[in-house]
Amino acid sequence: MSDYIHGYDLEEQARLVAQANYWRERLILREVDFAEGDAVLELGCGVGAVLGILGQAYPSLRLAGIDLQSTQIDYARKHLETLELTADLRVGDASQLPWAESQFDQVCTTWFLEHLPQPELALKEAYRVLQPGGRLSLTEPDYMKIRPWPVNSDYDYLISSLCDLLIQSGGSPAMGPRLGPLLESAGFSEVRNQAWGYHYFQTTANQELKKFVEYVDGWLAPTVPQIAQKLGRDPQQLAAGLDFLRQLPHQPDGAITATIFRATGQKPL
Ligand SMILES: C[S@@+](CC[C@H](N)C(=O)[O-])C[C@H]1O[C@@H](n2cnc3c(N)ncnc32)[C@H](O)[C@@H]1O
């Protein structure tokens, strides 16, 4: 994971917590379906930001999480402790889970499979550790489907370069649309993949466009030096793309549309 595009510094760890808070009602708690006392495992749990939100909203859940990086798990332990939550947190690879089979009622991922060269290996493991009838829930993006209005060639250059960076690091920028067939191939039943649209536009009355642009800026800006360095892209055009994005909430006709995918499936009984 040395090529992981977001890195592991403290600023990035705090960003993951802010990001999960931003998406709390909009996405993380949207259409979830937990029963009292469910055992829930998050693959690629990072700093425990999503687990924290689930644990606060559903205090009876038995939480578990795994991440490849010990620094993420160290942060997650402290973060969940601050929220007075407990969880079975492990350092390890999602494609080789350290749990026996049929241990969990639900397995979930958020912004995770997009970083894996072979997502099918993690899905195979998710299937193994789920009990029959257990549910898998995946939340993943498609970066080319973050579309501002007006159209801007510098922004297009920036976002397609970000996609190339993700591909170079072994990931998949359009993981969302791939989830349905991936779940079918992994043996899940009742497979659904919903494309949820998020659209914000400039109004004086609400700040939604501004908040969304700040959220995208928060993860996009730190990747720009890597894009310039590793892919040799034009730093000035990348900066112009970022500047266009930042100015969007100040444009009278500014708007942005993003599509995020939520796929679910069940391990057959
Ligand atoms: C973008 S972060 C998302 C974290 C969390 N799901 C959230 O939404 O806050 C992706 C995480 O996946 C972890 N990761 C990447 N490859 C992994 C693997 N093979 N097994 C476990 N974790 C992995 C990274 O270390 C990173 O913490």
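From a predicted model like this one, the values you see are computed outputs, not experimental measurements.

What counts, and at which threshold
Residues numbered from 1 in each chain as written. Predicted model: local features only at pLDDT ≥ 70, side-chain atom pairs only at ≥ 80, totals over all residues. Heavy atoms only, no water. Near = heavy atom within 4 Å. Polar contact = N/O pair within 3.5 Å; in protein donor to acceptor, adjacent residues only side chain to side chain. Areas by Shrake-Rupley, 256 points an atom, 1.4 Å probe, with all protein chains shown as cover. Nonpolar A, V, L, I, M, F, W, Y, C, P; charged D, E, K, R; others polar. UniProt positions renumbered as here; feature names shortened; annotations may be inferred. Helix = DSSP H or I, 4+ residues; strand = E, 2+ residues; numbered from the N terminus. Disulfide = S-S within 2.5 Å. Core = buried A, V, L, I, M, F, W, Y, C linked by side-chain atoms within 4.5 Å. Buried < 20%, exposed > 50% of the residue type's maximum accessible area, 1.4 Å probe, protein only. Contact = heavy atoms within 4.5 Å. Pairing = 2+ DSSP bridges. Axes fitted to C-alpha atoms, helices over the stretch in contact; angles between N-to-C directions. Expected span 1.5 Å × (residues − 1). Bend = angle between axes of the 7 residues up to and from the residue. Phe/Tyr/Trp six-rings, centres within 6.5 Å; stacked < 30°, edge-to-face > 60°.

Student: Any details on the site of the ligand? Residues and values, ideally.
Tutor: Around the ligand, the surrounding shell holds 21 residues, and the nearest of these are Tyr8, Glu42, Asp67, Ala94 and Thr110. Between the ligand and leucine 68 there is a distance of 3.2 Å, counted from a nitrogen atom to a backbone nitrogen or oxygen. At a separation of 2.9 Å, a nitrogen atom of the ligand approaches a polar backbone atom of threonine 110. Here the ligand has 600 Å² of accessible area as a free molecule, and 97% of this is covered by the chains. Among the residues making up the shell around the ligand, the classes are represented as eleven nonpolar, seven polar and three charged.

Student: Outline the UniProt feature "domain: Methyltransferase type" (unreviewed entry) in the protein chain, supporting the account with residue identities and numerical values.
Tutor: According to UniProt, the feature "domain: Methyltransferase type" (unreviewed entry) maps to residues 41-137 in the numbering used here. What you have in residues 41-137 is 34% helix and 30% strand, and the ends, taken at the C-alpha atoms, are 10 Å apart.

Student: Residue-level account of the state of the cysteines, with values.
Tutor: Counted according to the given criterion, the structure contains zero disulfides. Sulfur of cysteine 45: no disulfide; nearest cysteine sulfur belongs to cysteine 108 and is 9.5 Å away.

Student: With reference to specific residues and values, describe the nonpolar core.
Tutor: In terms of nonpolar packing, the biggest core is built from 56 residues, with Trp23, Leu54 and Phe212 touching the most fellow members. In this structure, phenylalanine 212 is in contact with Tyr22, Trp23, Ile146, Tyr200, Ile256 and Ala258, ignoring residues within four places of it in sequence. Residues Val129, Leu138, Leu179 and Phe261 belong to the second largest nonpolar core, which totals 27 residues.

Student: An account of unusual backbone geometry is requested, with residue identities and associated values reported.
Tutor: Cis rather than trans, the peptide bond between tryptophan 149 and proline 150 has omega equal to 0°. As for its placement among the helices and strands, proline 150 is situated in the loop between strand 5 (130-149) and helix 5 (153-168). Not every positive phi belongs to a glycine, and glutamate 31 is a case in point at roughly 55°. Relative to the helices and strands, glutamate 31 is located in the loop between helix 1 (10-28) and strand 1 (39-43). Positioned with a positive phi, serine 102 is a non-glycine residue whose angle comes to about 60°. With respect to the secondary-structure elements, serine 102 resides in the loop between strand 3 (87-91) and strand 4 (104-110).

Student: Tell me about the sheet that holds strand 4, residues and numbers included.
Tutor: Reading across from one edge, 3-2-1-4-5-7-6 is the order of the seven strands in this open sheet, with mixed pairing throughout. Whereas interior strands pair on both sides, the edge strands pair on one side only; in this sheet they are strand 3 and strand 6 (189-201). Adjacent strand axes in the sheet meet at a mean angle of 15° when their direction is disregarded. Across the sheet, helix 3 (residues 70-82) lies against strand 2 (62-67) and strand 3, angled at about 165° from strand 3, the strand it touches most.

Student: I'd like a description of helix 2 (residues 49-57), backed by residues and values.
Tutor: Among the nine residues in helix 2, seven count as buried, and that is most of the element. Within helix 2 the residues assigned to the buried category are Ala49, Val50, Leu51, Gly52, Ile53, Leu54 and Gly55. Buried residues along helix 2 sit against helix 1, strand 1, strand 2, helix 3, strand 3 and strand 4.

Student: Run through helix 1, naming residues and quoting values.
Tutor: Between its first and last C-alpha, helix 1 extends only 23 Å over 19 residues, short of the 27 Å set by a 1.5 Å rise per residue. The largest bend along helix 1 measures about 45° and falls at tyrosine 22.

Student: Could you give an account of the packing of aromatic side chains, naming the residues involved and the relevant values?
Tutor: Inspection of every chain in the model, using the stated rule, returns 15 aromatic pairs. Summarising the aromatic geometry, the rings of tryptophan 23 and tyrosine 198 are spaced 5.2 Å apart at their centres and angled 80° between planes, so their arrangement reads as edge-to-face. Of this pair, tryptophan 23 sits in helix 1 while tyrosine 198 sits in strand 6, placing them 175 residues apart in sequence. Like tyrosine 198, tryptophan 23 is buried. Of the aromatic side chains, those joined through ring pairs into one cluster are Tyr22, Trp23, Trp111, Tyr143, Tyr198, Tyr200, Phe212, Tyr215 and Trp219.

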